[in-house]
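Structural characterization, general
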Amino acid sequence: MDIRQFRQFRHFAAVAESLHFGRAAERLGMTQPPLSQSILALEKELGAPLFARTKRSVELTPLGQQWLPHVLEALAAVDALPETARRLRDGQTGYLTLSFVSTADYSVLPDLVRRYAEAFPDVEIRLVEATSDVQIPAVAAGERHAGIIIPPAERALPEALAYHRLVSEPLVAAAPAAWVEDGRLPIVNGVLAPEALLDAPLVLFPRTVAPAFHDLVTGYFSARGRPARIVQEAIQMQTIISLVSAGLGLALVPASLRNLARAGVAYVELSSPPVLETGLVWRREDEAPTLRGLLGLVGV
């Protein structure tokens with residue numbers, strides 16, 4: 001729609017709503033002759049009359065009646081553009097793309113999404129589950145606004161990325177409940193006996209997809225003079241818990257994973273547990289208003 005057509009549509013709507021060329025011209029702040037010429041030019045372009053005119057009355061033709069709602073809708077959409085631009089500028093509408101590691105689904109993600117949705121109800125939140133190794137280059141490339149990750153060792157992130165810690169939590173053992181019940185994994189004062197843990201088969205993330213988490217777990221074993229006996233690997237936390245439930249081994253998982261109740265799985269505290277950090281990563285130069293709204297919520 002060019003400016004001339006836009007004016008013609010406004011002229012048509014004004015006449016259609018008043019059914020009087022004089023009153024419509026007054027409403028539009030113009031004289032009647034150029035208004036009449038504008039309507040005639042529009043009718044010529046459409047190849048059909050929009051109004052049935054007599055000396056005493058103006059009525060919409062069937063075409064005019066059916067076309068009017070479409071014109072009014074288009075004009076309303078144009079009129080709303082400045083307000084839409086303001087809301088986009090202020091991060092009150094638009095979309096936010098947020099990726100997250102599977103462990104965050106049971107800790108920081110639900111609360112963060114709830115708070116963001118309450119603060120910005122008209123923003124579409126696009127969630128993507130992915131491991132940290134996939135998220136980091138995707139965020140750096142601008143494919144996502146932000147990601148909830150387990151930071152790599154020493155936070156060796158690309159220079160273009162910024163990072164903010166969201167939570168640090170101890171690891172607990174997720175063990176087959178039957179192993180606890182039959183004494184195979186003895187519990188002393190609510191804590192898993194270290195010697196029982198060190199001998200147990202382990203289910204863990206592959207190091208290729210979660211090096212920081214993998215090293216945190218295996219480092220816990222090696223610090224106690226015993227290599228971790230990894231019997232199965234999986235890249236989804238839900239899958240790891242399912243393997244534990246099946247009795248394949250135990251897993252060291254964030255304490256928040258207690259929220260993932262699964263039949264046949266018992267969560268047991270560890271002696272001097274390792275602590276897992278989870279945080280938010282984003283591009284330093286990304287000025288997307290929806291991202292700025294998210295950063296404000298987490299205190300950046």
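Residues numbered from 1 in each chain as written. Predicted model: local features only at pLDDT ≥ 70, side-chain atom pairs only at ≥ 80, totals over all residues. Heavy atoms only, no water.

Helix and strand counts for the protein come out as 11 helices and 13 strands. Scaling as 2.2 N^0.38, a compact globule of 300 residues should have a C-alpha radius of gyration of about 19 Å, whereas the protein reaches 32 Å, well beyond that. With respect to the three principal axes, the spread of C-alpha positions in the protein is 105 × 40 × 30 Å. Within the protein, the proportion of its 300 residues that are buried is 43%. Here the contacts in the protein between residues at least 6 apart in sequence split such that 70% fall between residues at least 24 apart. As displayed, the protein offers around 15,100 Å² of accessible surface, 54% of which is attributable to carbon and sulfur atoms. (Helix = DSSP H or I, 4+ residues; strand = E, 2+ residues; numbered from the N terminus. Rg over C-alpha atoms; globule rule 2.2 N^0.38 Å. Buried < 20%, exposed > 50% of the residue type's maximum accessible area, 1.4 Å probe, protein only. Contact = heavy atoms within 4.5 Å. Areas by Shrake-Rupley, 256 points an atom, 1.4 Å probe, with all protein chains shown as cover.)

A word on the pairing of strand 5 (residues 146–149). Along strand 5, one buried face is formed by Ala 146 and Ile 148 and the opposite face, lined by Gly 147 and Ile 149, is buried too. For strand 3 (residues 94–100) and strand 5, the ladder comprises three bridges, and the chain directions are parallel. Bridging from a neighbouring strand, Ser 99 pairs with Gly 147 of strand 5. Looking at chain direction, strand 5 and strand 13 (residues 275–283) are connected through four bridges and run antiparallel. Each bridged residue has a counterpart across the sheet, and for Ile 149 the counterpart in strand 13 is Gly 279. (Pairing = 2+ DSSP bridges.)

Okay, the pattern of salt bridges next. Opposite charge on two side chains allows them to pair when their charged atoms are near. Tallied over the entire structure, the rule returns 16 salt bridges. A salt bridge links Arg 86 to Glu 83, with the shortest nitrogen-to-oxygen separation between them at 2.6 Å. Placement of the pair is Arg 86 and Glu 83 together in helix 4 (residues 62–89), with a separation of three residues, close to one helical turn. Since its relative accessible area comes to 38%, Glu 83 is described here as partly exposed. (Salt bridge = Lys/Arg side-chain N within 4 Å of Asp/Glu carboxyl O.)

This part takes up the pairing of strand 12 (residues 265–268). Neither face of strand 12 is open: one carries Val 265 and Tyr 267, the other Ala 266 and Val 268, and all of them are buried. Both strand 6 (residues 161–176) and strand 12 contribute to a ladder of four bridges, which runs antiparallel. Across the sheet, the residue bridging to Ala 175 is Ala 266, located in strand 12.

Along the polypeptide, His 145 turns up in the loop between helix 6 (132–140) and strand 5. Looking at His 145, the relative accessible area reads 11%, which means it is buried.

A few words on the confidence of the model for the protein. Any region with low pLDDT has predicted coordinates that should not be read closely. This prediction gives the protein a mean pLDDT of 92; 99% of its residues lie at or above 70. Averaged over each element, pLDDT in the protein is lowest for helix 8 (residues 194–199) (83) and highest for strand 5 (97). (pLDDT = per-residue confidence, 0-100.)

Scanning the model with the defined rule gives seven aromatic pairs in all. Between Tyr 116 and Phe 120 the ring centres are 4.8 Å apart and the planes differ by 40°, which places this aromatic pair in the tilted class. For the pair Tyr 116 and Phe 120, a shared accessibility class is recorded, and that class is buried. A centroid spacing of 5.2 Å and a plane angle of 90° characterise the contact between Phe 205 and Phe 213, whose relative ring orientation is edge-to-face. Given a relative accessible area of 4%, Phe 205 falls into the buried group. Three or more aromatic residues joined by ring pairs make a cluster, and in this case those are Phe 9, Phe 12, Phe 21, Phe 51 and Trp 67. Over the face of the ring belonging to Tyr 95 we find Arg 126, whose NZ or CZ atom lies 3.8 Å from the ring centre. Seen from the ring of Tyr 220, Arg 224 lies directly overhead, with NZ or CZ sitting 3.7 Å from the centre. (Phe/Tyr/Trp six-rings, centres within 6.5 Å; stacked < 30°, edge-to-face > 60°. Lys NZ or Arg CZ within 6 Å of the ring centre and 35° of its normal.)

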